[in-house]
Amino acid sequence: MSEQEEKPKKKTRREFLQELGYVGVGALIGGSAIFAGVNYDKRKKQVDRIKVLTAENELIEIDKNGVTKVVKSKKEILTYLQKEGREGIPGKRWVMVLDLSKCKNAQRCMAACQSSHHLRPEQSHINTLKMQESINTPPYYLPKQCQHCDNPPCVAVCPVDATYKRPDGIVLIDNERCIGCRFCIAACPYSARTLNWTKPLHDDEDKDKTYNVELNVPQRKGTITKCLFSADRLRDGKLPYCVSACPNGVFYFGDENEDAVTNGTTKVTVRFKKLLADNGGYQLMPELGTKPRIYYLPPKGKTYPFQEKDKALLDKELE
Amino acid sequence: MLDPTRIDKITSDLLRPIRINNAFKLWMTVLIVALVICLYAYTLQLKNGLGVAGIRDYVSWGMYISNFVFFVATSLIGMLISAVLGLSGVKWAAPLARIAEIIALAFAMVAGLVIVSDMGRPDRLLYVIIHGRIQSPIVWDITVVSTYVIISALLLYLPLIPDLKICADKLEKAPKIQRDIYKILSLNWNGSPEQQKIISQATRALAIFIIPIALAIHTVTSWLFANTSRAGWDSTVFGPYFVSGAFVCGSAAVIIAMYFYRYNYKLQDYITDSHFDNMGKLLVLVSVVYIYFNLNEYMVPYYKMKKFEAIGIHELFSGVHAFLFWSTQILGLVLPTILLLFKGMRKPFPMMIIGIFVLVGGWFKRYIIVVPPQEHPYLPIQNVPMNFKIYTPTLTEILITVAPFILVLMIITILSKVIPIVSIHETLEEEIENPKPLKGM
Amino acid sequence: MFKKNIGIKISTIILVSLFSLQAFAQAWTIPAELKAKTSYIPFTSSTSKEGEDTYTKNCMSCHGNPGKGNSMKALNPIPPDLAGKVTQQRTDGDLFYIITTGRGVMPSFKDVFPEQERWKLISYIRSFNRQYVQVLSTFNPQKAKLVKFDITYNAVNHLVRVAVKATEKTGMVVLKNDSVDIYAKRYFGRLQFDNGMITDKDGIAYFKFPTDLPGDKAGNVEVIARVTDDNYGEVTYQTRMKIGVPTDKPGLTEQRAIWNVVSKSPIWLVVVFTSGILFLGLFLLYIGFSLWKIRKIGTL
């Protein structure tokens, strides 16, 4: 199913959780509910029906008119979001593949990420780096973010379980818990973490929002913020913000268990392992034993030239 | 038996400093004013966030953490002098035990506060206990540091009990409340053999127990760094390297304190030239061990020149940190060690000067261990403002860093105004066993 | 040899310059019958709104906001502002073709959006053109309902057989010489397997199915087939087939590890830490007891 067709699900679900609270359970049981796995064509026509994810993680479809809206307190919504954010999406093992031969430093990924996570310009969950290993090897651009390691050094050192690994592979940070000790920053070899050193960018506007650990908004002063693999979007069947924003087809995102990744630009889905096998996929600093969930395809046969000003910068660094 | 006049002389000599004089009032006023200024800086940090300091995402541990390491390091001396030397029967160190314990307790207590000043969310301090993960070296550190504070306090208190009795009896001029407190804390001490036996057993147990705890606090502190894969921290000798360095700092602190007490409290008869001579020798010993670990720590990566370690080594040996690195190593470690080999240098005044050099060098050494390795992570630092790339401490940060020193001085000052800083009870016992003429008798 | 190389170089240069010239001229070679294709969906404000949603998500990163001229200048060729003259002068068929097949930096959205959604995108693009008057196609989308798929799998030769028929009142009509594609549904999109095929005279096409494609716990895979026929339009059919490898991988946080939560920390660590704390507690009790004894002896 295309991303577009999944769209209504997000709106309804988020509206429910964030503004109205859960759907009355009675309405769910009350006859009108049928499971989502019904025929694809039939579903599209049912304008008056909406999809809801139950607390048991079952996606169900119900009649809009049969819904009882239960207004829940902010605290209950927060508790729900926190619980959901720790459990992850069952059965998934998210992976990302970045094709370095396509990156031309458009930085759209950075911009999309910063705007969706309310970050300051100097804070980035994803950062496109200008790289060159030695004077004779070619320069290239490296979009770098949290590698969502399977052996995460940052999670290991966290004293309060604020940053944690989920069963679906995502490493998240809980800003209701973080004490700002920055041990994780020290431990991360990928420099993937950043702190809200001062008042967050949209602190005043976000004041009344319920904290969503899967989006890490509102950002909180004195706590860590980092790439979340757009966990909130994945729940709605959508690709991460950076992946969708890339105009150059650099990003692939998908589920290792399904052996499929989808390109964020072309939306084409390919076999994950075959993509790595055909293009010599590798990981960043695998020698550290962090077991990243992000894979890179080498910048072989770059489709774009490396910009001159960046070249000059690297030459200076390598001298 | 001891001549009663000598008992009186020793008792009154050692009790004399326990009074509030004008010098004390003035000194405390200066400290309090300075502390208030520093606390104001901290309120700025509380209000505006850690961003008021120069630390940013790449160098995210700066002066605060260097300071923490320094405080933990200095506190280790209590264990060396009162436990290791005490248990091995080194007699000359006995009168210094209390000074060492006071320093240990003050530095260890304040170390806990230093770490709070580095927290982005100090309001969530209790989360470390509520949600503590036993896999995190920070939780280990908090566990062992607080244990060390408790054990150090007990190790200060237990041998003090007989002295507290003396205080309660002899300090007639002290306010009633103070004498009552002495009385309560002296636990009905009457010097009976049963009491003596219990207290010596318990003190011995504490002295034994504090050795692994002290080793643990600094080893665990070193693991805050060594347990990451950062080039420059990723080292297996960090534990002993830190511990040996800690003894250097602590010995220097004790020497400075000895000098101060000797002259201000007129204790020339009790803290003698021979004590300085011995402390000088001790400082040489621990410094030589530390130099050996330094050699390991810098020689091995220098030889291999692995990519990122080579960058760090270059920055230290001939790059931006070269001046700081070489002055710390030479003025704060090698030169003092060489000087102290000469007997003429092991006199109170030169030793006090050397002690200051060693202690200041020790602080900057911690800075060199903590800060430079963060400036060169595995991936380049790009797309961030200049102040993210180069760490420059701010004035606010410096003031917040100074605050713990003021606190330590206050704790030490107050403690030495309420308890005798050389054990009366032990001095008397030593006199009985080993009578020696006191000067001025 | 040398001359041959020169020849290759020259032809490459010519090819490259031709390509860039073409890119510059933005000349799309669109077959005449496709150029004339028109939508069977009437363009309304509601279709335009739906198209806008799709546009914002999938097109705006390159094409920018229509009419604002903020398309991505770094790309070659520069993606046109879709409210602009160049785009608006194209026929609906042109736009449909461009969106469907793509070229160079412009991706193909054939497998991403169903036909309807591509038309809705065009509806949105046309909403920026006041002069535009829609010419509706006479195509009756209801005819798609007549199309029936029959998909079976042969586990021996790993072939998926897709048979397409339409049940007209006059009887069964076999859809021959139509292009058919089949896909496995994945979380973010459709994974095409084998190549697109053309149905034979019996309306049947065979697809090689990979033997190692993960399915759900039971090995089920949602298979989507799509046929494009001149009379019946683009018809999609989805069915669940037990043809994948049963996959039930545990979560990634099952094992005991230093990085896991406290309840899943290594046993040795739990033992060491707890016994350390216990020992400390007992030790402090001993010291406390000693102090209590001293006090007690003193009162005697």
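Note that this is a predicted model, so its numbers are computed, not measured.

Participant: An account of the overall build of chain B is requested, with residue identities and associated values reported.
Facilitator: Of the regular secondary structure elements, chain B holds 19 helices and zero strands. Taken over the C-alpha trace, chain B has a radius of gyration of 23 Å; the compact-globule value for 441 residues is 22 Å, and the two agree within 12%. Seen along its three principal axes, the alpha-carbon backbone of chain B occupies a region of about 75 × 50 × 40 Å. Taking the intrachain contacts of chain B between residues at least 6 apart in sequence as the baseline, contacts between residues at least 24 apart amount to 83%. Counting only carbon and sulfur atoms, one obtains 71% of the accessible surface of chain B, whose full area is about 18,300 Å². Of the charged side chains in chain B, 36 are positive and 27 negative; the average position of the first set lies 3 Å away from that of the second.

Participant: Account for the environment of Val 155 of chain A, naming residues and giving values.
Facilitator: Among the secondary structure elements, Val 155 of chain A is positioned in helix α6 (residues 153–157). Along the backbone, Val 155 of chain A and Glu 308 of chain A are 153 residues apart, and their C-alpha atoms lie at a distance of 39 Å. Other than its neighbours up to four places away in sequence, Val 155 of chain A contacts Thr 163, Tyr 164, Lys 165 and Val 171 of chain A, Arg 133 of chain B together with Trp 259 of chain C.

Participant: Would you mind going over the nonpolar core in detail, with residue names and values included?
Facilitator: By size, the foremost hydrophobic cluster in this structure holds 220 residues, and its most contacted members are Phe 251 of chain A together with Phe 225 of chain B. Looking at this core element by element, the count peaks at 16 residues for helix α11 (residues 238–264) of chain B. In this structure, Phe 149, Ile 151, Val 160 and Val 223 of chain C belong to the second largest nonpolar core, which totals 25 residues.

Participant: With reference to specific residues and values, describe the interface of chain A and chain B.
Facilitator: With 50 residues of chain A in contact, the opposing surface of chain B contributes 43 residues. Roughly 3,700 Å² of surface becomes buried between chain A and chain B when both sides are summed, with 55% attributable to carbon and sulfur atoms. The interface formed by chain A and chain B holds one salt bridge in total. Linking chain A with chain B are 27 residue pairs in polar contact (both at pLDDT 80 or more). When residues of the side of chain A that touches chain B are traced back to their parent elements, those giving at least two are β5 (127–131), β6 (140–144), α6, α7 (183–187), β9 (193–195) and α11 (308–318) of chain A. By residue number, the principal contributor to the side of chain A that touches chain B is β5 of chain A, which donates five residues. Classifying every residue of the side of chain A that touches chain B by side-chain character gives 27 nonpolar, 10 polar and 13 charged.

Participant: Summarise a nonpolar patch on the surface; cite the residues concerned and give the values.
Facilitator: All names here are of chain B. On the surface, a cluster of nonpolar side chains totalling about 1,100 Å² of accessible area is made up of Trp 326, Ile 330, Leu 331, Val 334, Leu 335, Ile 338, Leu 339, Leu 341, Phe 342, Phe 349, Ile 353 and Phe 357. For the nonpolar patch, the secondary-structure elements that each account for two or more residues are α14 (322–340) and α15 (348–370). In terms of residue count, the dominant contributor to the nonpolar patch is α14 (seven residues). Looking at the element boundaries, Trp 326 is found in helix α14.

Participant: Please give an account of the interface of chain C and chain A that cites residues and values.
Facilitator: On the side of chain A, 54 residues touch chain C, which itself brings 42 residues to the contact. Between chain C and chain A the total buried area reaches about 4,100 Å² when both faces are included, carbon and sulfur atoms providing 55% of it. Its largest share of buried area at the contact with chain A, chain C owes to Tyr 187, Phe 188 and Trp 259 of chain C, together 22% of the area lost on that side. Residues Arg 271 of chain A and Asp 212 of chain C are paired through a salt bridge, measuring 3.0 Å at the closest nitrogen-oxygen approach. The interface formed by chain C and chain A includes eight residue pairs in polar contact (both at pLDDT 80 or more). For the side of chain C that touches chain A, the secondary structure elements donating two or more residues are α3 (45–58), α4 (60–63), β5 (190–192) and β9 (233–241) of chain C. The biggest single contributor to the side of chain C that touches chain A is α3 of chain C, with five residues. Tallied by class, residues from the side of chain C that touches chain A come to 22 nonpolar, 11 polar and nine charged.

Participant: Explain the environment of Ala 144 of chain C to me, and be specific about the residues and the numbers.
Facilitator: Tracing the sequence through the fold places Ala 144 of chain C in the loop between α7 (115–126) and β1 (147–154). Not counting the four nearest positions on each side in its chain, Ala 144 of chain C is found in contact with Tyr 232 and Val 235 of chain C.

Rules used in this analysis
Residues numbered from 1 in each chain as written. Chains lettered and ligands numbered in written order. Predicted model: local features only at pLDDT ≥ 70, side-chain atom pairs only at ≥ 80, totals over all residues. Heavy atoms only, no water. Helix = DSSP H or I, 4+ residues; strand = E, 2+ residues; numbered from the N terminus. Rg over C-alpha atoms; globule rule 2.2 N^0.38 Å. Contact = heavy atoms within 4.5 Å. Areas by Shrake-Rupley, 256 points an atom, 1.4 Å probe, with all protein chains shown as cover. Lys, Arg positive; Asp, Glu negative; His and termini not counted. Charge placed at Lys NZ, Arg CZ, Asp CG, Glu CD. Core = buried A, V, L, I, M, F, W, Y, C linked by side-chain atoms within 4.5 Å. Buried < 20%, exposed > 50% of the residue type's maximum accessible area, 1.4 Å probe, protein only. Buried area = accessible area lost by both parts, 1.4 Å probe. Salt bridge = Lys/Arg side-chain N within 4 Å of Asp/Glu carboxyl O. Polar contact = N/O pair within 3.5 Å; in protein donor to acceptor, adjacent residues only side chain to side chain. Nonpolar A, V, L, I, M, F, W, Y, C, P; charged D, E, K, R; others polar. Patch = residues over 30% accessible without salt bridge, like charges linked within 9 Å, V, L, I, M, F, W, Y side chains within 5 Å.

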